[in-house]
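# Survey of secondary and tertiary structure
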Amino acid sequence: MIKKVSVIGAGQMGNGIAHVLAIADIDVFLKDISKEQLDKALETIEHNLRRQVGRGALSEGDITKALAHINPVTDDAHLAEVDLVIEAATENEEIKKSILSALGPKLKPEAIIATNTSSISVTRLAAITDRPEKFIGMHFMNPVPVMQLVELIRGIATNEETFETIRELAVRLHKTPTPAEDFPAFIVNRILLPMINEAIYTLYEGVGSVRAIDTAMRLGANHPMGPLQLADFIGLDVCLAIMQVLYEGLADTKYRPCPLLVKYVEAGWLGRKSGRGFYDYTGDEPIPTR
């Protein structure tokens, strides 16, 4: 049974994963190289816990209890005692490989390694470790405390015991685990990101404005938010990275990233996190940038 977990990366996904582990009474070591990022992550977690209290999902006592389960760290001294490591670093294969390849000697032999990658081959990441049979993809959706799905992706070497242990953990976290095969971008992003990319092409070709495209999909397809608004929420750099994985992995021109998406990322317009993407977030209300 999983009792102690190390979450590597205290960004948007990492702090969300730490949040749901903590409210399930699991001890979490939240690791990042930046003390500033860890402080920001803990503030975000507390803010999101208070939002859950406001909705009646948690009590004030639950906040204190959950935060007590989270131990922010900047080193690897804790790794010898954990049952599971969840890598939640940025969606960059070389960065992930660098983190994962160094883990093995620091972990106990029975420890499992999971990656929260949203698109990269789990088999390829597993091969860089000393325990591919104890390696699995555990793809949480964003925002983690709210979204119910977790995609579970076996690498070619992942054994059944590892899969079952992580499936049981997902259920303990009140998530719905769904198995996905180890193909580029798995299920959700294989479907979602080409739709977003097509929305960007629709903007690029002048078929509609930012506001028109998002309004059309919200009211015409009953989506909770428009695809360009969603792209900004995900992060345009993440959208581009996933489209590049699809394009390179499946060798089909239908997955070619829209040049406008590339241009926005080159400009540093990454969406909400940078203050500007398809919308400008620097004022009181988001304003379309095109």
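Residues numbered from 1 in each chain as written. Predicted model: local features only at pLDDT ≥ 70, side-chain atom pairs only at ≥ 80, totals over all residues. Heavy atoms only, no water.

Quick look at the environment of aspartate 232 now. Tracing the backbone shows aspartate 232 in helix 9 (residues 227–234). For the pair aspartate 232 and glycine 271, spaced 39 residues apart in sequence, the C-alpha separation works out to 3.9 Å. Not counting chain neighbours up to four residues away, the residues in contact with aspartate 232 comprise Leu270, Gly271, Arg272, Gly277, Phe278, Tyr279 and Tyr281. (Helix = DSSP H or I, 4+ residues; strand = E, 2+ residues; numbered from the N terminus. Contact = heavy atoms within 4.5 Å.)

Here we come to the nonpolar core. If you look at the biggest cluster of nonpolar residues, it comprises 37 residues, and the most contacted ones within it are Leu21, Leu30, Leu84, Ile86, Met138 and Phe140. Of all the elements, helix 1 (residues 12–23) adds the most residues to this core, at six residues. Phenylalanine 140 has contacts with Met13, Ile17, Val20, Ile86, Asn116, Leu149, Val150 and Leu173, leaving out every residue within four places of it along the chain. Cys239, Leu246, Leu260 and Tyr281 belong to the second-largest nonpolar core, a separate cluster that totals 26 residues. (Core = buried A, V, L, I, M, F, W, Y, C linked by side-chain atoms within 4.5 Å. Buried < 20%, exposed > 50% of the residue type's maximum accessible area, 1.4 Å probe, protein only.)

Moving on, we get to the side chain of aspartate 83. With respect to the secondary-structure elements, aspartate 83 resides in the loop between strand 3 (70–73) and strand 4 (84–87). Residue class for aspartate 83 comes out buried when judged on its relative accessible area of 17%. Among the polar contacts made by the side chain of aspartate 83, one reaches the side chain of lysine 108 at a distance of 2.8 Å. (Polar contact = N/O pair within 3.5 Å; in protein donor to acceptor, adjacent residues only side chain to side chain.)

This part is about the UniProt feature "binding site: NAD(+)" (unreviewed entry) in the protein chain. Residues annotated by UniProt as "binding site: NAD(+)" (unreviewed entry) correspond here to Gly9, Ala10, Gly11, Gln12, Met13, Gly14, Asp32, Glu91, Lys96, Ser118, Asn142 and Lys273. Positionally, methionine 13 belongs in helix 1. Beyond its immediate chain neighbours, meaning those up to four positions away, methionine 13 contacts Asn116, Phe140, Met141, Asn142 and Val144. Using a relative accessible area of 14% as the deciding quantity, one classes aspartate 32 as buried. Apart from residues no more than four positions distant in its own chain, aspartate 32 is found in contact with Gly9, Ala10, Gly11, Gln37, Leu38, Val73 and Thr74. Separated by 2.9 Å, the side chain of aspartate 32 and the backbone nitrogen of alanine 10 make a polar contact. (UniProt positions renumbered as here; feature names shortened; annotations may be inferred.)

Its location among the elements puts leucine 260 in helix 11 (residues 259–266). When neighbours within four sequence positions are excluded, leucine 260 is seen to be in contact with Ile200, Leu203, Tyr204, Phe278 and Arg290.

Counted under the stated rule, the structure contains 18 salt bridges. The salt bridge partner of arginine 154 is glutamate 160, with a shortest N-O separation of 3.3 Å. Through salt bridges that share partners, Lys31, Asp76 and Lys106 make up one connected network. (Salt bridge = Lys/Arg side-chain N within 4 Å of Asp/Glu carboxyl O.)

Burial within strand 1 (residues 4–8) is extensive, with four of its five residues counted as buried. Assessed by its sense of winding, the connection that carries the chain from strand 1 through helix 1 to strand 2 (residues 27–31) is right-handed. The sheet contact formed by strand 1 and strand 4 spans four bridges and is parallel. Within the sheet, the bridge partner assigned to serine 6 lies in strand 4 and is valine 85. (Right-handed = clockwise from strand over helix to strand, strands pointing away. Pairing = 2+ DSSP bridges.)

Here we come to unusual backbone geometry. Going from asparagine 142 to proline 143, the amide bond is cis rather than trans, its omega being 0°. Within the secondary structure, proline 143 sits in the loop between strand 6 (135–140) and strand 7 (149–154). Unusually for a residue other than glycine, aspartate 25 sits at a positive phi of about 65°. In this structure, aspartate 25 sits in the loop between helix 1 and strand 2. Assessed through its relative accessible area of 41%, aspartate 25 is described here as partly exposed. At asparagine 222, a position not held by glycine, the phi torsion is positive, near 60°. Secondary-structure assignment places asparagine 222 in the loop between helix 8 (210–220) and helix 9. Classification of asparagine 222 by relative accessible area gives exposed; the value is 67%.

Among the residues making up helix 9, those that are buried are Pro227, Leu228, Leu230, Ala231 and Asp232. Against helix 7 (188–204), helix 8, helix 10 (236–250) and strand 9 (279–280) lie the buried residues of helix 9. Two residues or fewer past helix 9, glycine 235 is found with a positive phi of approximately 110°.

For the protein chain, the assigned domains read domain 1 (4–181) and domain 2 (190–288). Centre-to-centre, using C-alpha coordinates, domain 1 lies 27 Å away from domain 2. Taken together, the seven residues of domain 1 in the interface contact four residues of domain 2. A buried area of about 470 Å², summed over both sides, lies between domain 1 and domain 2, and 65% of it is on carbon and sulfur atoms. For the interface between domain 1 and domain 2, the tally reads zero residue pairs in polar contact (both at pLDDT 80 or more). Residues belonging to the side of domain 1 that touches domain 2 are distributed by class as follows: two nonpolar, four polar and one charged. (Domains from an automatic or database assignment. Buried area = accessible area lost by both parts, 1.4 Å probe. Nonpolar A, V, L, I, M, F, W, Y, C, P; charged D, E, K, R; others polar.)

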